[in-house]
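Topology and contacts: notes
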Amino acid sequence: MVQLVAYKQGTSTQFELDIPESSIELNFQYIDLNDPMSRRSPYSFRFNLPLSKTNNKFFSVYFNANTSNGTFNAMKDTECLILSDSILLMQGTLQMHSVSKGGYEVSVIEQVAQVFSSIKGITWEELFTTSAGTVDTDLDHALSWDNVRDSWDVTNDITTGSVGAGVVVYPLADGGQDTSLNSWTVNATTGFYYNEGLGMQEDQLGVENLKPAIRIAYLVKYIFNKAGFSISSTFLNSVDVQKMYMFLALETPRVTGRANYGFKVGLENDFIIPTTLASPWIPLAFLEESISPFYDPDGLITNGAFIAPYDGLFTLMTNLVVYSAGSSGGYLVGTRITINGQSGSFDTSNQVSYGVTSIVSDMQTLQLESGDSVAVYVSSTNTYTPTQIKALGTQTATFFELVSFTTTASFVDMAQNFPDIRVDEWFKAIVQRFNLVIISDQTTPGVIKIEPWSDYWLEGTVNKDWTDIVDQDSISIKPTLEFQKKTYEFTDAEGSNFGNLWWQTNFNWIKGKYTYINLNDFVTEEETTDQVFQPYKNRKLFPNVANTGESQLPNVLLPAFWDFGEPTGSVDYPKKWVANKPVIAYYNGLQDIGNGATFNYGGTLYTTYPYFAEWNTVGVTTATKSLQWGYDYPDNFNAPFISGGISGGSTLNFCFYTYWSQLFNEIYSEGSRVMTCKVDLSYTDIYDLKFNDNLYLDGCFWKLLSIDNFTLGSNSLANVKLIKVINKPIGRISTGCNQKPSA
């Protein structure tokens, strides 16, 4: 028995829809050999549901254009299940295309497609917009040296929404901001180099010129969680991928900021001061922020105290609702404000009466530094009956509130600092970079599996003998010729910063590009990856503004996002800010500056700096992974963190070799074969089938590429496409050399 179960939109209420007498056909596709850089999701062909009473009710009598009754919205997702004999065959989204006398024309797309549909064409700001129409500010944080320094230890979480340790990290990067925007140095037009702006001659870095980077794995999980799914991924949870970050705000001179949203917090319960504690100062913990009129969207309150997000002048108000039983007389209630546990001239004392609910208010304006902790204390002289600080009164409540502030700093508005590309474009670029497989599993509805193709391919260890369910007369085996192209270009976009421009101009080549050349004599055409990111390039920190000579700090390699401008006055080599495309890099933790040098971070000298690189190790060896597509002569080859006599400085583990080469050998080698055949598949077969299962046929193993025309409620055979298992562990390197000389 075939069932189509749909959920009333936005609810968990199920409707079993009446299905047609004609068959419903399902299609399953793992990879399209014509377009290996794209991904597909299972789906159904369109079919008509009858105009039955049940279906009319579910679709709100959609054929009647004059009615406004009902809740069905053809513009919204409708979750559904396709089952047969209670076996789940597909979970996905039901889409209604039209209605006519023939019924409701609908189709079903599997749940992976729901994710792609949810991000299609949207901006990052739209991604971070909640269902209530407000912006998710959980990633936001104050731009302060405290947060910047804390971010370098990935066990810390600097975000206001506590999204996770290490999600946001601040690189030390030279943005090349010009004089009107820059305070790196005394002579700001010279930009960023060791003798100015990094600790010598009492110069120090300006935190306002730093920009955040965000963990790639967090963004992928956020996208899927927003669409209502969770992720199962050994790859995304691996140590290396947790070190991958995308740099933000590269299209603007500085981060886009906003004012903090303030706070007004209350008590979770009434607070009782017993008579035995009359007179001593007792701390009040303001922990309630979830019910009206309380709020703290920026997480300014920690353990009941206010933590200053940056330097500034802050006006704070305390309001206490006080009551103590009695018929006559009065007592004193005092409030005290402490800064980092120290009391100053911020004590107040108020006379209140027994048997009367009184309001004790105080307002203080405090000059605070980033990280200062402000706490509220209360005392009572009442020795006769307990003093109550009531959480909620009839007219007002007990609260602690930030009334106003004056500062030159700001919160980083993270949603406004993402690159000017659509979310689906970005995600497709990530999928291409690591050749990710995105698969759902009927046995775990709502969970999406994401792994690199080679990992998923090799982890398939289940062997199934299909000899008896295949129509032997339908078998056709052919080479993969019709699916092949002559060349595949794996490349990033051109970069606009000096390092990339120099490389592109001198070699007419985008750094790290890899070209796969097919040795098949009968194929033409070419295919290219989407070009979303520009190559990440580090530079040495030179001792002069001309960026020449030997670096005094060979350990220090920093990204630079500027270009040289025209000479101005006494400065022959002024840097100028330029907009850049996004970059991705590994964060390799804090590393020694070396040579006895220190950098000045917010007035404090440090001997370490945050080291980002295209490499996942400090010192490049044959085991090191790179985020470049293919091999090019390494930047800064002789630096200690590349080779420097410590390691070979060379690796083959670039993105094509690591993530793509095996796929190309499985598809395009001389032994590659594709089989098409008709198979008698049961509902249980479909339920249990994995695309990486090893399927035994004609004396060898095959893996599934696609199933077409699997017909529900029919005994007809499904059309199946398979590819022969070769499992070459090491891919062929193109005979075309990608190496480019350094000079």
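Below: a short report on this structure. (Residues numbered from 1 in each chain as written. Predicted model: local features only at pLDDT ≥ 70, side-chain atom pairs only at ≥ 80, totals over all residues. Heavy atoms only, no water.)

Some points on the overall build of the chain
Tallying secondary structure elements over the chain gives 11 helices and 46 strands in all. With 743 residues in all, the chain has 54% of them scored as buried. Taking the intrachain contacts of the chain between residues at least 6 apart in sequence as the baseline, contacts between residues at least 24 apart amount to 73%. (Helix = DSSP H or I, 4+ residues; strand = E, 2+ residues; numbered from the N terminus. Buried < 20%, exposed > 50% of the residue type's maximum accessible area, 1.4 Å probe, protein only. Contact = heavy atoms within 4.5 Å.)

Considering unusual backbone geometry
Backbone torsion omega between Ser292 and Pro293 reads 10 degrees, so that peptide bond is classified as cis. Tracing the backbone shows Pro293 in the loop between strand 17 (282-284) and strand 18 (301-302). You will see that Ala249, though not glycine, has its phi angle at about 60 degrees, which is positive. Topologically, Ala249 is positioned in the loop between strand 13 (244-247) and strand 14 (257-258). With phi around 50 degrees, Asn435 is a residue other than glycine that occupies positive phi space. With respect to the secondary-structure elements, Asn435 resides in the loop between helix 7 (423-434) and strand 28 (436-440). Taking the relative accessible area as the measure of exposure, Asn435 reaches 0% and is therefore buried.

Remarks on the pattern of salt bridges
With the rule as written, the count across this model stands at 17 salt bridges. Between Glu489 and Lys513 there is a salt bridge whose closest N-O contact spans 3.9 Å. One end of the pair, Glu489, is in strand 32 (residues 487-490); the other, Lys513, is in the loop between helix 9 (498-507) and strand 33 (514-517), with 24 residues separating them in the sequence. Take Glu489 and Lys513: they sit in the same class, and that class is buried. (Salt bridge = Lys/Arg side-chain N within 4 Å of Asp/Glu carboxyl O.)

Things to note about the side chain of Ser358
Looking at the secondary structure, you find Ser358 in strand 23 (residues 358-368). In this view, Ser358 contacts Leu320, Val321, Val322, Val352 and Ser353; residues no more than four positions away in its chain are not counted.

Some remarks on the sheet that holds strand 33
The strand order 33-32-34 describes an open sheet built from 3 strands, whose pairing is mixed. At either margin of the open sheet sits one strand with a lone partner, and together these are strand 33 and strand 34 (526-528). Averaged over all adjacent pairs, the angle separating strand axes in this sheet is 15 degrees, with direction ignored. Where strand 32 lies against strand 34, 3 bridges are found, and the strand directions are parallel. Across the sheet, the residue bridging to Tyr488 is Glu527, located in strand 34. Contacts from helix 10 (residues 655-668) reach strand 32 and strand 33, with the element oriented near 165 degrees to strand 32. (Pairing = 2+ DSSP bridges. Axes fitted to C-alpha atoms, helices over the stretch in contact; angles between N-to-C directions.)

Structural notes on helix 10
The first and last C-alpha atoms of helix 10 sit 18 Å apart over 14 residues, in line with the 20 Å expected at 1.5 Å per residue. The largest bend along helix 10 reaches roughly 50 degrees and is located at Ser661. Burial of helix 10 is extensive: 13 of the 14 residues sit out of reach of the surface. (Expected span 1.5 Å × (residues − 1). Bend = angle between axes of the 7 residues up to and from the residue.)

Observations concerning the sheet that holds strand 13
The sheet built from 5 strands is open, its strands ordered 10-11-13-39-42 with antiparallel pairing. Looking at which strands have only one partner, the edges of the open sheet turn out to be strand 10 (168-169) and strand 42 (608-613). Against the sheet, helix 5 (residues 216-226) contacts strand 11 (213-215), strand 13 and strand 39 (584-592), and its axis sits at roughly 60 degrees relative to strand 11.

With respect to the nonpolar core
Side chains of nonpolar character tend, in soluble globular proteins, to be buried together. One finds Trp426, Tyr609 and Phe710 to be the most contacted residues of the largest nonpolar core, which totals 154 residues. When neighbours within four sequence positions are excluded, Trp426 is seen to be in contact with Trp124, Ile216, Leu219, Val220, Ile223, Met246, Ile421 and Phe533. By size, the runner-up hydrophobic cluster in this structure holds 35 residues, among which are Phe263, Phe286, Phe346 and Val352. (Core = buried A, V, L, I, M, F, W, Y, C linked by side-chain atoms within 4.5 Å.)

Overview of the environment of Ile510
Structurally, Ile510 can be placed in the loop between helix 9 and strand 33. Spatially, the C-alpha atom of Ile510 lies 6.1 Å from that of Glu494, the residues being 16 residues apart in sequence. Discounting residues that sit within four places of it in the chain, Ile510 has contacts with Thr491, Asp492, Ala493, Glu494, Trp503, Gln504, Pro535 and Asp632.

A word on the pairing of strand 24 (residues 373-380)
Within strand 24, 6 of the 8 residues are buried, which leaves the element mostly enclosed by the surrounding structure. Note: strand 17 against strand 24, 3 bridges, orientation antiparallel. Its bridge partner being in strand 24, Pro283 is matched across the sheet by Tyr377. Pairing geometry for strand 19 (residues 305-307) and strand 24, over 2 bridges, is antiparallel.

So, the packing of aromatic side chains
Summed over the entire model, instances satisfying the criterion amount to 61 aromatic pairs. Aromatic pair Phe58 and Phe72: ring centres 6.0 Å apart, planes at 50 degrees, arrangement tilted. Highlighted residues: Phe58 in helix 1 (residues 53-58) and Phe72 in the loop between helix 1 and strand 6 (78-84), separated in sequence by 14 residues. Exposure remark for Phe72: the relative accessible area of 13% places this residue in the buried category. Connected via pairs of aromatic rings, a cluster forms that spans Tyr488, Phe490, Tyr514, Tyr516, Trp629, Phe656, Trp660, Phe664 and Tyr668. Here the guanidinium or amino end of Lys703 rests over the ring plane of Trp457, the centre of that ring lying 5.1 Å away. (Phe/Tyr/Trp six-rings, centres within 6.5 Å; stacked < 30°, edge-to-face > 60°. Lys NZ or Arg CZ within 6 Å of the ring centre and 35° of its normal.)

Digging into helix 2 (residues 111-119)
Among the residues of helix 2, those classed as buried are Gln111, Val112, Ala113, Gln114, Val115 and Ile119. Looking one or two places after helix 2, you find Gly121, whose phi comes out positive at around 75 degrees.

As for the pairing of strand 1 (residues 2-7)
The side chains of a regular strand alternate, residue by residue, between the two faces of the sheet. In terms of residue burial, strand 1 counts as a mostly covered element, since 6 of its 6 residues are buried. Burial along strand 1 is two-sided: the face carrying Val2, Leu4 and Ala6 and the face carrying Gln3, Val5 and Tyr7 are both buried. The pairing of strand 1 with strand 6 spans 5 bridges and is antiparallel. Paired with Val5 across the bridge in strand 6 is Leu81.

Regarding the packing of helix 7 against helix 10
The contact between helix 7 and helix 10 brings their axes to 7 Å, and the two run at 85 degrees. Between helix 7 and helix 10, the angle falls in the class roughly perpendicular. Seen from helix 7, the contacting residues are Gln432, Arg433 and Phe434; seen from helix 10, they are Cys655, Tyr659 and Trp660. Split by residue class, the contact of helix 7 with helix 10 holds 4 nonpolar, 1 polar and 1 charged. (Parallel < 35°, antiparallel > 145°, perpendicular 65-115°, else oblique. Nonpolar A, V, L, I, M, F, W, Y, C, P; charged D, E, K, R; others polar.)

Note that all results are geometric; they support no functional claim without further evidence.
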